[in-house]
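Descriptive analysis of the structure
So you can see what is in the structure, the chains are spelled out below.
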Amino acid sequence: IAPERACLRGGHRLELQSAHLRSDPERGWWLWTHVSVQMEVLEKQIAAEVLAMQAIAARKRVMADPAIGLSSHRMEVEDTDATDAGHVAGAVRVIHRRVLEGFACWCVYAAKSSTFGCSSIRPRALRDAAHLVVAGGGERDLARLFAEALLLRVMESLSEHIIHCPERLSYLFFKSVMKAGGFDEAEVMTYLIDLDELQDSFPGSGRFSRMRAG
């Protein structure tokens, strides 16, 4: 995971496994075609959020001191110096929360119910994951937040028909993060995406595939 902004590079990795792809180079090519696009989209969204935060800060300065007027030069100097890092950090946290908000909702729901496939997950782990998302990532490293958002976006991109079932995607996302070490792990993470599991249907769903036939 190597975005353009240095603060978003933490050495984290995405890996893909599949019995249907014949070699590591093929798996790597397949994964990179999705990662490169989703990484570019995320970076553009972060850049747009930074601009929005700069505009809000500039408006607050004008409102607080009308003497500033609409001097774009003064605004630009103040927004591109000391405050830029703060805006980038804030933008990454906003995008991370926006990308994972559906996952957080699933965590809250699954922690309170006997959702299929979640019986082996401790409710506390689900609630903690939801809290980290709602809290904007807490004090966690920006590169880690970017990696988590990218992981979910890539899984959505690879998932094909399963993208229409966000509960299934959320479960597999949680499984991938926990297998890599969890949300609290501070080390460099390697997230494994199982393409065969990701594109598989629900167990037993085939029994109802012809329910409306004829």
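Definitions and limits used
Residues numbered from 1 in each chain as written. Predicted model: local features only at pLDDT ≥ 70, side-chain atom pairs only at ≥ 80, totals over all residues. Heavy atoms only, no water. Axes fitted to C-alpha atoms, helices over the stretch in contact; angles between N-to-C directions. Helix = DSSP H or I, 4+ residues; strand = E, 2+ residues; numbered from the N terminus. Parallel < 35°, antiparallel > 145°, perpendicular 65-115°, else oblique. Left-handed = near helix turned anticlockwise from the far one by under 90°. Contact = heavy atoms within 4.5 Å. Nonpolar A, V, L, I, M, F, W, Y, C, P; charged D, E, K, R; others polar. Buried < 20%, exposed > 50% of the residue type's maximum accessible area, 1.4 Å probe, protein only. Polar contact = N/O pair within 3.5 Å; in protein donor to acceptor, adjacent residues only side chain to side chain.

1. Focus: the packing of helix α4 (residues 101-111) against helix α5 (residues 123-134)
Two measures define how a pair of helices packs: the angle their axes make with one another and the distance between the axes. It is at 8 Å that the axes of α4 and α5 come closest, and there the two elements cross at 150°. The angle between α4 and α5 places the two elements in the roughly antiparallel class. For α4 against α5, the interelement crossing comes out left-handed. Residues Glu101, Phe103, Ala104, Trp106, Cys107, Val108, Ala110 and Ala111 of α4 form the contact with α5, whose participating residues are Pro123, Leu126, Arg127, Ala129, Ala130, Val133 and Val134. Split into classes, the residues belonging to the contact of α4 with α5 amount to 13 nonpolar, no polar and two charged.

2. Some details on the side chain of serine 159
Mapped onto the elements, serine 159 comes out in the loop between α6 (142-158) and α7 (166-180). In this structure serine 159 comes out as buried when scored by relative accessible area, which is 0%. Here isoleucine 163 takes part through its backbone nitrogen, which lies 3.4 Å from a polar atom of the side chain of serine 159. In this structure serine 159 touches Leu169, Leu198 and Gln199, once residues within four positions along its chain are discounted.

3. Examining the environment of leucine 100
Along the chain, leucine 100 turns up in the loop between α3 (83-99) and α4. Apart from residues lying up to four places away in sequence, leucine 100 is in contact with Val133, Glu148, Ala149, Leu152 and Phe173.

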